[in-house]
Amino acid sequence: MKRIGILTSGGDCQGLNPAIRGVAKALYEAFGDVKIYGIKDGYKGLIEGEYEIMKKSDFSGILTMGGTILGTSRQPFKKMRIIGDDGVDKVQAMIKNYKEMKLDCLVILGGNGTHKSANLLSESGLNIITLPKTIDNDLWGTDITFGFHSALDVATEVIDRLHTTATSHGRIFVVEIMGHKAGWLNLYAGIAGGADVILIPEIPYSKEKIAEIIESRTKDGKGFSIVAVAEGAVSLEESKMSKKEFKAARAAMRQPSVGYRVAEEIELLTGHDVRVTVPGHIQRGGSPSAYDRFLSTMFGTKAAELIKNEQYGYMAGLKNNEVVAVPLSEVAGRLKCVPTDSQIIKTARSIGLSFGD
Ligand code: F6P
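Read on for a plain summary of the structure. Quantities reported herein were computed from a predicted structural model and do not represent experimental measurements.

### Some thoughts on the pattern of salt bridges
Turning to step 1, where the next piece is worked out: This structure, assessed with the given rule, holds 16 salt bridges.
Turning to step 2, where the next piece is worked out: The residue Arg-275 makes a salt bridge to Asp-273 at a minimum N-O spacing of 3.2 Å.
Turning to step 3, where the next piece is worked out: For Arg-275, a relative accessible area of 33% translates into the label partly exposed.
Turning to step 4, where the next piece is worked out: Note on Asp-273: relative accessible area 46%, which makes it partly exposed.
Turning to step 5, where the next piece is worked out: If you follow the salt bridges from partner to partner, you end up with Glu-238, Arg-250, Arg-261 and Glu-265 in one network.

Okay, here's the thing in structure tokens:
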């Protein structure tokens, strides 16, 4: 009998349920006699020993469902080794609960922070396999993460819908797209939705340049403009700051987020009225796209294959259209940002898109 734990950690996204289903179905096929422990709310459940022994039927009917049937939570990696007020040693508690469940392997679905903790558990001697989840697509070791494609569909639809109202009114719109410290989601959605300016964290922006583009569009008779701003976008001035200075500047920022700041800057420099749209968590909500269902299933079944081969300490990643095993030690703590000399950036520039630089 194989005993396998599964947990989902960090911000949720579309594709978690299809991935869980993929792992479970492939495990039942591979071993027949398998007990799956569904750990609740991510690492929190592993720390507190909150889990449920799943039934085969629990994994049916979830392919098209958004969110995660296991629940999730954020347990920051930097606090993992710190003993809290409750006196609990989180790492020791997770090891103890893993051993009490007599797990052969724990499958962890998560993004960047989650992978740092997964690597820590792997280095502590637990058998760990991970799957790359995040709408941000910023995980090292995989060409694409699941969740990204669905969020891209949502973000693109937001830009599409803004286009029609922006055109009718001849207005300037700023749309703020998620993505944390990487610009993937905004870059792809900006290109797919036909934004006029795309601001991403990897290319610091100049407000004067954005104003210049809007003015030149106005002169050309285009009364509207769409400025797609990644939530992690930074100005040229900010890019020159130390980490400490940047933190202080952001803490002192009057506007609720960078999208609002960019809107204000455009208003001041051009005199145009600017509207702001922040789709926020809508981008990670709802059903997974067909591609995410497919990708999550591919990743999930790879996890079962690795377990069968007793190949632990790996993440299933997509490289050149093949699902491969990537060592966790290579993934943990490394952010995958948009290379500024990438073909995507060149393509965008070649059709006259501006990055505000
Ligand atoms: O990592 C996914 C993500 O949606 C980011 O794009 C965003 O910065 C963050 O999570 C939001 O976090 P929370 O769900 O904790 O508000």
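### Comments concerning the site of the ligand
Turning to step 1, where the next piece is worked out: If you check the shell around the ligand, you find Arg-74, Ile-135, Asp-136, Met-178, Gly-179, His-180, Glu-231, His-281 and Arg-284 and nothing else.
Turning to step 2, where the next piece is worked out: A distance of 2.8 Å separates an oxygen atom of the ligand from a polar atom in the side chain of Arg-284.
Turning to step 3, where the next piece is worked out: When isolated, the ligand has an accessible area of 390 Å², and the protein chains bury 71% of it.
Turning to step 4, where the next piece is worked out: Among the detected pockets, the ligand sits in the largest pocket.
Turning to step 5, where the next piece is worked out: Residue assignment places the shell around the ligand across two domains, with domain 1 (2-146 + 288-331) and domain 2 (151-284) each supplying three or more.

### Focus: the packing of aromatic side chains
Turning to step 1, where the next piece is worked out: On inspection of all chains with the given rule, the structure shows 6 aromatic pairs.
Turning to step 2, where the next piece is worked out: The interplanar angle of 40° and the centroid separation of 6.0 Å between the aromatic rings of Tyr-291 and Phe-294 together place this pair among those described as tilted. You can see Tyr-291 and its partner Phe-294 sitting in helix 11 (residues 290-308), 3 residues apart, about one turn around the helix.
Turning to step 3, where the next piece is worked out: Given the relative accessible area of 28%, Tyr-291 is considered partly exposed.
Turning to step 4, where the next piece is worked out: Using a relative accessible area of 46% as the deciding quantity, one classes Phe-294 as partly exposed.

### Focus: the pairing of strand 4 (residues 105-110)
Turning to step 1, where the next piece is worked out: Of all 6 residues in strand 4, 6 are buried; the element is thus mostly enclosed.
Turning to step 2, where the next piece is worked out: Of the strand pairs in this sheet, strand 4 and strand 5 (residues 128-132) are connected by 5 bridges, and their pairing is parallel. Along strand 5, the bridge assignment pairs Leu-106 with Ile-128.
Turning to step 3, where the next piece is worked out: For the handedness criterion, the β-α-β arrangement of strand 4, helix 4 (residues 112-123) and strand 5 is classed as right-handed.

### Some details on helix 1 (residues 16-31)
Turning to step 1, where the next piece is worked out: Taking 1.5 Å per residue, 16 residues should reach 22 Å; helix 1 reaches 22 Å between its end C-alpha atoms and fits that length.
Turning to step 2, where the next piece is worked out: Across the 16 residues that make up helix 1, a large majority, 12, are buried.
Turning to step 3, where the next piece is worked out: Among the residues making up helix 1, those that are buried are Leu-16, Asn-17, Pro-18, Ala-19, Ile-20, Arg-21, Gly-22, Val-23, Ala-24, Ala-26, Leu-27 and Tyr-28.
Turning to step 4, where the next piece is worked out: Just beyond helix 1, the residue with positive phi is Gly-32, at close to 70°.

### As for the sheet that holds strand 8 (residues 225-230)
Turning to step 1, where the next piece is worked out: Across the sheet, 4 strands lie side by side as 7-8-6-9; this open sheet has parallel pairing. Edge positions in the sheet fall to strand 7 (197-199) and strand 9 (274-277), since each of these pairs with one other strand and no more. Recorded for the sheet is a direction-independent mean angle of 20° between the axes of neighbouring strands.
Turning to step 2, where the next piece is worked out: Relative to strand 9, strand 6 (residues 172-177) runs parallel, the two sharing 4 bridges. Looking at the pairing, Val-174 lines up with Val-276 of strand 9.
Turning to step 3, where the next piece is worked out: Packed onto the sheet, helix 6 (residues 184-193) meets strand 6, strand 7 and strand 8 and runs at close to 170° relative to strand 7.
Turning to step 4, where the next piece is worked out: Here helix 7 (residues 207-219) sits on the sheet and contacts strand 6, strand 7 and strand 8; the angle it forms with strand 8, its principal contact strand, is near 160°.

About the thresholds
- Within every chain, residues take consecutive numbers counted from 1 along the sequence as written.
- It should be noted that, the model being predicted, local features are given only for residues of pLDDT at least 70 and side-chain atom pairs only at 80 or more, the latter also being counted only at that level, while totals for whole chains, interfaces and linings use all residues.
- Note: side-chain values were computed over all heavy atoms of the structure, leaving out hydrogens and water.
- In the sections that follow, a salt bridge refers to a side-chain nitrogen of Lys or Arg positioned within 4 Å of a carboxyl oxygen of Asp or Glu.
- Exposed residues in this analysis have more than 50% of their type's maximum accessible area, buried residues have under 20%, and partly exposed residues fall in between, with area computed by a 1.4 Å probe over protein chains only.
- If a single non-hydrogen atom of a residue is within 4 Å of a molecule or strand, that residue counts as near it.
- What qualifies as a polar contact is a pair of N or O atoms within 3.5 Å, subject to a donor-acceptor requirement within protein and to the restriction that residues adjacent in sequence count only when both atoms come from side chains.
- The Shrake-Rupley method, run with a 1.4 Å probe sphere, supplies the accessible areas, and residue values consider only the shown protein chains as cover.
- Here the term cavity refers to a set of points on a 1 Å grid, laid over the protein atoms alone, in which a 1.4 Å probe fits but cannot get out; the term pocket refers to an open set having protein on both sides within 12 Å along at least five of seven lines, with lining residues being those that place an atom within 4 Å of a point.
- Those molecules having more than half of their atoms within 2 Å of a cavity or pocket grid point set are described as sitting in that cavity or pocket.
- Where each domain starts and ends follows an automatic or database-derived domain assignment.
- Here the aromatic set is Phe, Tyr and Trp, taking the six-membered ring for Trp, and pairing holds for ring centres within 6.5 Å; pairs whose planes are under 30 degrees apart are stacked, those over 60 apart are edge-to-face, and all others are tilted.
- Counting from the N terminus, the helices are the DSSP runs of H or I reaching at least four residues and the strands are the DSSP runs of E reaching at least two.
- For two strands to be treated as a pair, DSSP must find at least two bridges joining them.
- Call a crossover right-handed when, viewed with both strands pointing away from you, the route from the first strand across the helix to the second goes clockwise.
- One less than the number of residues in a helix, times 1.5 Å, gives the span that helix is expected to have.
- Axis angles are defined between N-to-C directions and span 0 to 180 degrees, where every axis is a line fitted to C-alpha atoms and, for a helix, only to the segment in contact.
- Throughout, a contact is declared for two residues whenever any of their heavy atoms are within 4.5 Å.

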